[in-house]
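Residues per chain are reported as follows:
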Amino acid sequence: VQLQASGGGLVQAGDSLRLSCAASGLTFSRYHIAWFRQVPGKEPEFVAVIRGSGSRTYYLDSVKGRFTISADNAKMTVYLQMNSLKPEDTAVYYCAAGNRVILSNIRNRSAYDHWGQGTLVTVSS
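Residues numbered from 1 in each chain as written. Predicted model: local features only at pLDDT ≥ 70, side-chain atom pairs only at ≥ 80, totals over all residues. Heavy atoms only, no water.

## Examining the overall build of the protein
Broken down by element type, the protein carries 0 helices and 11 strands. Listing the helices and strands of the protein from first to last along the sequence gives β-β-β-β-β-β-β-β-β-β-β. A compact globule built from 125 residues would reach a C-alpha radius of gyration of about 14 Å, and the protein, at 13 Å, matches this within 12%. Oriented by its inertia axes, the alpha-carbon framework of the protein measures out at about 40 × 30 × 25 Å. By the burial criterion, 42% of the 125 residues in the protein qualify as buried. Considering only contacts in the protein between residues 6 or more positions apart, those separated by 24 or more positions represent 57%. Within the structure as shown, the protein displays about 6200 Å² of accessible surface, and the carbon and sulfur contribution to it stands at 46%. Seen as two clouds, the 13 positive and the 8 negative side-chain charges of the protein have centres 7 Å apart. (Helix = DSSP H or I, 4+ residues; strand = E, 2+ residues; numbered from the N terminus. Rg over C-alpha atoms; globule rule 2.2 N^0.38 Å. Buried < 20%, exposed > 50% of the residue type's maximum accessible area, 1.4 Å probe, protein only. Contact = heavy atoms within 4.5 Å. Areas by Shrake-Rupley, 256 points an atom, 1.4 Å probe, with all protein chains shown as cover. Lys, Arg positive; Asp, Glu negative; His and termini not counted. Charge placed at Lys NZ, Arg CZ, Asp CG, Glu CD.)

Here it is in structure tokens:
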């Protein structure tokens, strides 16, 4: 299984970015694909998740209404559309995949077995 995250960059507060996570080597519809983010000195934080089939999504409360996660099954790619970005959204964003994800662990890092390399998002004020 390989996950390739891309799309990060330097933007100003209020701007938008779209992150992509291209997956390979897995049955896409059977996996949950999540985005986590991490800042130096802190544990990775759950941001959003979608089942490969696109049947359900969950979000970190602080990004609800600003971020949208979506999946393109044909391209085996998950997107994170980030609007109205804030300086506190600055982090390295990682995508992760798991096929043992259930509702009780859907926000836990341990539920995801495969991780991409991360893409840096910097939001200036």
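## Concerning the pattern of salt bridges
Following the criterion strictly, the structure yields 6 salt bridges and no others. Across the pair Lys 64 and Asp 61 runs a salt bridge whose closest N-O atoms are separated by 3.1 Å. Look at Asp 61 and you get exposed, because its relative accessible area is 61%. Two residues, Asp 89 and Arg 66, come together in a salt bridge whose shortest N-O distance is 2.8 Å. You can see Asp 89 sitting in the loop between β8 (77-82) and β9 (91-98) and its partner Arg 66 sitting in the loop between β6 (57-59) and β7 (67-72), a full 23 residues away along the chain. (Salt bridge = Lys/Arg side-chain N within 4 Å of Asp/Glu carboxyl O.)

## A short note on the sheet that holds strand β1 (residues 2-6)
Read from one edge to the other, the open sheet built from 4 strands follows the order β1-β3-β8-β7, with strand pairing classed as antiparallel. If you trace the sheet from one side to the other, it starts and ends with β1 and β7, each paired once. If you compare each strand with its neighbour and ignore which way they point, the axes differ by 15 degrees on average. In terms of strand pairing, β1 meets strand β3 (residues 17-24) through 5 bridges, oriented antiparallel. Within β3, the position partnered with Ala 5 by the bridge is Cys 21. (Pairing = 2+ DSSP bridges. Axes fitted to C-alpha atoms, helices over the stretch in contact; angles between N-to-C directions.)

## Brief notes about the packing of aromatic side chains
Both the distance between ring centres and the angle between the ring planes are used here to describe each pair of aromatic rings. Using the criterion set out here, one finds 3 aromatic pairs in the structure. Relative to Tyr 112, the ring of Phe 36 lies with its centre 5.5 Å away and its plane at 75 degrees, an arrangement referred to as edge-to-face. Within this pair, whereas Phe 36 is found in strand β4 (residues 32-38), its partner Tyr 112 is found in the loop between β9 and β10 (114-115), the two being separated by 76 residues in sequence. Residue Phe 36 shares its accessibility class with Tyr 112, and that shared class is buried. Between the aromatic rings of Phe 36 and Trp 115, the centroid separation amounts to 5.0 Å while the plane-to-plane angle is 50 degrees, which identifies the pairing as tilted. Of this pair, Phe 36 sits in strand β4 while Trp 115 is found in strand β10, placing the two residues 79 residues apart along the sequence. Overall, the relative accessible area of 1% leaves Phe 36 in the buried class. (Phe/Tyr/Trp six-rings, centres within 6.5 Å; stacked < 30°, edge-to-face > 60°.)

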